[in-house]
Amino acid sequence: MQSFSKELKKKGKSIAVVPTMGFLHEGHLSLIDTARSKADAVVVTIFVNPTQFGPNEDFEKYPRDFERDRQLCESGKADAVFAPSPEEMYPGNASTWVSEEDLSRGLCGKSRPGHFRGVTTVVAKLFNATLPDMAVFGQKDAQQLAVIKRMARDLNFSLEIIVAPIVREKDGLAMSSRNKYLSPDERKNALSISQALFSAENDVKNSRLNIEEIINKIKSKISAFGGKVDYVEAVDADTLKPATEKEGRILLAAAAFFGPTRLIDNIIIDVK
Ligand code: PAF
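Residues numbered from 1 in each chain as written. Predicted model: local features only at pLDDT ≥ 70, side-chain atom pairs only at ≥ 80, totals over all residues. Heavy atoms only, no water.

One open sheet accounts for five strands, arranged 3-2-1-4-5; its pairing is parallel. Of all strands in the sheet, those bounded by a partner on one side alone are strand 3 (80-82) and strand 5 (160-164). Adjacent strand axes in the sheet meet at a mean angle of 25° when their direction is disregarded. Pairing geometry for strand 1 (residues 15-20) and strand 4 (residues 134-138), over two bridges, is parallel. Counterpart to Ala-16 in the pairing with strand 4 is Met-134. The strands touched by helix 3 (residues 66-75) within the sheet are strand 2 (41-46) and strand 3, with strand 2 carrying the most contacts at an inclination of about 170°. (Pairing = 2+ DSSP bridges. Helix = DSSP H or I, 4+ residues; strand = E, 2+ residues; numbered from the N terminus. Axes fitted to C-alpha atoms, helices over the stretch in contact; angles between N-to-C directions. Contact = heavy atoms within 4.5 Å.)

Here it is as structure tokens:
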């Protein structure tokens, strides 16, 4: 992978990487489009990273379809797909981790201990393997994005992090590879997350409800549709510190289980 990237660099070409865990959907394709619009060459990485899954999480059953992914990358005009094996990425005696220790503590970090250490470790390794000038990540994983930006800054990675907006199904459900797990009923009920976030935006901008009341309203809506709320929080979109007033850029982030499937979604509200 490094030789391929070095060859491109010798020719003066810029490289954008799109890190993924495969089972690509429209959301990933939009990341690839963004990458293509910014760089001369696009590398898509496909690696279901074992170190970011907890012991009781869905690593084994995470959906995989490499051949379909490869074709989608080809039709999306990616220049290369980097799909290493777990053994290549983590030789038996690998003992070095990359750990961000501030932004990764709250939200998903609280309910998924070790998750972000796995993410930052693998993303650092993918950056070192692909040698990109830029890397594209989706706003859907808002905390991941903040953590990776911080890691890139703190460790002096010489690249730009580019953010691509959340891609939603027509009815508003945020696209995710995990949506595949949902039964038809769970799929219908899971809509309550995006609907609650959209009406929360209206509440932040136009109602007298305070932040705590708005958060409670989101939780009630998700629970009313059978979702088991993991968290709903309002935080500053950059620092991820709790937002207690209706001011600045507020990230409203939610995680909830529908059946065994944990879904996340968020919305950023710019309060003028
Ligand atoms: O967002 C994902 O798909 C993964 O967390 C990433 C960034 C590819 C790291 O494994």
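Here we come to the site of the ligand. Around the ligand sit Pro-19, Thr-20, Met-21, Asn-49, Gln-52, Val-122, Val-123, Phe-137, Asp-141 and Gln-144, and those are all the residues in its vicinity. Within the side chain of Gln-52, one N or O atom sits 2.6 Å away from an oxygen atom of the ligand. Taking Gln-144, its side chain carries an N or O atom lying 2.7 Å from an oxygen atom of the ligand. When the ligand sits alone it has 290 Å² of accessible area, and the protein chains cover 89% of it. In terms of residue class, the shell around the ligand is made up of five nonpolar, four polar and one charged. (Near = heavy atom within 4 Å. Polar contact = N/O pair within 3.5 Å; in protein donor to acceptor, adjacent residues only side chain to side chain. Areas by Shrake-Rupley, 256 points an atom, 1.4 Å probe, with all protein chains shown as cover. Nonpolar A, V, L, I, M, F, W, Y, C, P; charged D, E, K, R; others polar.)

Attention shifts here to the environment of Leu-31. Examined against the element boundaries, Leu-31 turns out to sit in helix 2 (residues 26-38). Here the alpha-carbon distance between Leu-31 and Ala-164, two residues 133 residues apart in the chain, equals 6.2 Å. With residues up to four places along the chain from it excluded, the contact list for Leu-31 reads Val-18, Val-136, Phe-137, Gly-138 and Ala-164.

Taking 1.5 Å per residue as the helical rise, helix 9 (residues 211-224) with its 14 residues ought to reach 20 Å, and the 20 Å between its terminal C-alpha atoms agrees with that figure. Within helix 9, the full set of buried residues consists of Ile-211, Ile-214, Ile-215, Ile-218 and Ile-222. Looking straight down helix 9, one finds that the buried residues subtend no more than 100° of arc, so they occupy a single side. In helix 9, those exposed residues whose orientation departs by more than 90 degrees from the buried face are Glu-212 and Ala-224. Taken together, the buried residues of helix 9 touch helix 8 (184-206), strand 6 (228-236) and strand 7 (248-258). N-cap assignment for helix 9: the residue whose side-chain oxygen lies 3.1 Å from the backbone N of Glu-212 is Asn-210. (Expected span 1.5 Å × (residues − 1). Buried < 20%, exposed > 50% of the residue type's maximum accessible area, 1.4 Å probe, protein only. Arc of directions from axis to C-beta.)

In this section: the nonpolar core. With 42 residues, the main nonpolar core has Val-123, Phe-127, Phe-137 and Ile-161 as its most contacted residues. Looking at this core element by element, the count peaks at eight residues for helix 6 (residues 115-130). Non-local contacts of Phe-127, meaning those with residues more than four positions away in its chain, are made with Val-17, Pro-132, Ala-135, Phe-137, Ile-148, Met-151, Phe-157, Leu-159 and Ile-161. Listed in part, the 25 residues of the second largest apolar core include Leu-191, Ala-196, Ala-200 and Ala-256. (Core = buried A, V, L, I, M, F, W, Y, C linked by side-chain atoms within 4.5 Å.)

Okay, the pairing of strand 4 next. Within strand 4, five of the five residues are buried, which leaves it mostly tucked inside the rest of the structure. A two-sided burial pattern is seen for strand 4, the buried positions comprising Met-134, Val-136 and Gly-138 on one face and Ala-135 and Phe-137 on the other. Here five bridges tie strand 4 to strand 5, and the two strands are oriented parallel to one another. Residue pairing in the sheet places Ala-135 in a bridge with Ile-161 of strand 5. Once you follow strand 4 into helix 7 (residues 142-154) and on to strand 5, the crossover reads as right-handed. (Right-handed = clockwise from strand over helix to strand, strands pointing away.)

The terminal C-alpha atoms of helix 2 lie 19 Å apart, and with 13 residues this matches the ideal 18 Å at 1.5 Å per residue to within 8%. Where helix 2 is concerned, the buried positions are Gly-27, His-28, Ser-30, Leu-31, Ile-32, Thr-34 and Ala-35. Packing partners of the buried residues in helix 2 comprise strand 1, strand 2, helix 3, strand 4 and strand 5.

Glancing now at the environment of Ile-264. Within the secondary structure, Ile-264 sits in strand 8 (residues 261-271). Taking the C-alpha atoms as reference points, Ile-264 and Ala-254, separated by 10 residues in sequence, lie 5.6 Å from one another. Among all residues touching Ile-264, those that are not within four sequence positions of it are Cys-108, Lys-140, Asp-141, Tyr-231, Ala-254 and Ala-255.

In short, geometric facts, not functional conclusions.
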